[in-house]
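# A closer look at the structure
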Amino acid sequence: MPLTPEQVERRRRNQEKRRVETLRGISGPGDPRCECCGEDRVWSLTFDHRDGGGNEHRRAHGNAPTVVLVRRDRKRLGRWPIETYAVLCATCNHGRRVSRDGRCPHEREREGVNQ
Ligand SMILES: [Zn+2]
Ligand SMILES: [Zn+2]
């Protein structure tokens, strides 16, 4: 049976609530923020695999969104898997992906090194 608009809306809200709860868990005390630049607008925040390999990991789990993998790890470990995942804003997440050494270009900027 197709979902009613109310059910769709409730599901969307629950997903967003779970996402924010997970962002808080990984980001540590206080409001969730980007580990690199401190961005704290929740809509821009994403989960990053610290060791890379996020795409392969997701694929191995049926293309589950990273938030699902984080919560699965949490259940298994009984705590938030903060050593495996980081909260990054979309800009820093992308920055790491396109950089040569896996670090966000912000980090090099802060060190005063040009790209
Ligand atoms: Zn950032
Ligand atoms: Zn950054």
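Rules used throughout
- What you see as residue numbers is a count from 1 along each chain, following the sequence as written.
- Note on labels: chains are lettered from A, ligands numbered from 1, in written order.
- Predicted model: local features are reported for residues with pLDDT of at least 70 only, side-chain atom pairs are reported and counted for 80 or more only, and whole-chain, interface and lining totals are derived from all residues.
- The numbering of helices and of strands both runs from the N terminus, where a helix is a DSSP run of H or I of at least 4 residues and a strand a run of E of at least 2.
- Contact criterion: two residues are in contact if their C-beta atoms, reconstructed from the backbone, are within 7 Å.
- A set of buried Ala, Val, Leu, Ile, Met, Phe, Trp, Tyr and Cys residues, joined through C-beta atoms within 7 Å, is what we mean by a nonpolar core.
- Comment: burial labels come from other C-beta atoms within 10 Å of the residue's own C-beta, placed from the backbone, where a count of 20 or more is buried, 12 or fewer is exposed, and between is partly exposed.
- Angles here are taken between N-to-C directions and fall from 0 to 180 degrees, while the axes themselves are lines fitted to C-alpha atoms, restricted in helices to the stretch in contact.
- Working definition: roughly parallel below 35 degrees, roughly antiparallel above 145 degrees, roughly perpendicular at 65 to 115 degrees, and oblique for all remaining angles.
- By the definition used in this description, the sense in which the near helix is turned from the far one sets the handedness, with an anticlockwise turn below a right angle giving left-handed and a clockwise turn giving right-handed.
- The length a helix should cover is 1.5 Å for every residue beyond the first.
- Within this analysis, the arc is defined by the directions that extend from the helix axis to the C-beta atoms.
- Two strands pair under a simple rule: DSSP has to find at least two bridges between them.

Counting its regular elements, the chain contains five helices and two strands. Helices and strands in the chain line up, N terminus first, as α-β-α-α-β-α-α. Counting only C-alpha atoms, the chain reaches 55 × 30 × 25 Å along its principal axes. Partitioning the intrachain contacts of the chain with sequence separation of at least 6 by distance along the chain shows that 56% fall at a separation of at least 24.

Our next topic: the nonpolar core. Of all hydrophobic cores here, the largest spans 14 residues; its most connected members are I26, C34, V87, L88 and C92. Of all elements in the fold, only α1 (5–27), β1 (45–49), α3 (66–77) and β2 (85–89) reach the threshold of two or more residues within this core. Top element by residues in this core is β2. It accounts for four residues. If near-sequence neighbours (up to four positions away) are discounted, L88 is found in contact with C34, E35, C36, T46, D48 and N93.

Another point: the packing of α1 against α3. Between two packed helices, the angle of one axis relative to the other and the distance separating the axes together describe the packing. Two elements in contact, α1 and α3, have axes separated by 10 Å at closest approach and are oriented at 60 degrees. Judged by the inter-axis angle, α1 sits oblique to α3. Judged by the sense of rotation from one axis to the other, the crossing of α1 with α3 is left-handed. Contact residues: R18, R19, T22, G25 and I26 in α1; V67, V70, R71 and R74 in α3.

For the rest of this paragraph, the subject is α3. Taking 1.5 Å per residue, 12 residues should reach 16 Å; α3 reaches 16 Å between its end C-alpha atoms and fits that length. Directly after α3, the chain includes G78, whose backbone phi takes a positive value near 80 degrees.

So, on to helix α4 (residues 90–98). What α4 keeps buried is the set C92, N93, G95 and R96. End-on, the buried residues of α4 take up no more than an arc of 160 degrees, which puts them together on one face. Seen from the buried face of α4, the exposed residues on the opposite side, beyond 90 degrees, are R97 and V98. On its buried side, α4 packs onto β1, β2 and α5 (105–110).

With four of five residues buried, β2 is to be regarded as a mostly interior element. Of the strand pairs in this sheet, β1 and β2 are connected by five bridges, and their pairing is antiparallel. Within β2, the residue paired with F47 across the bridge is V87.

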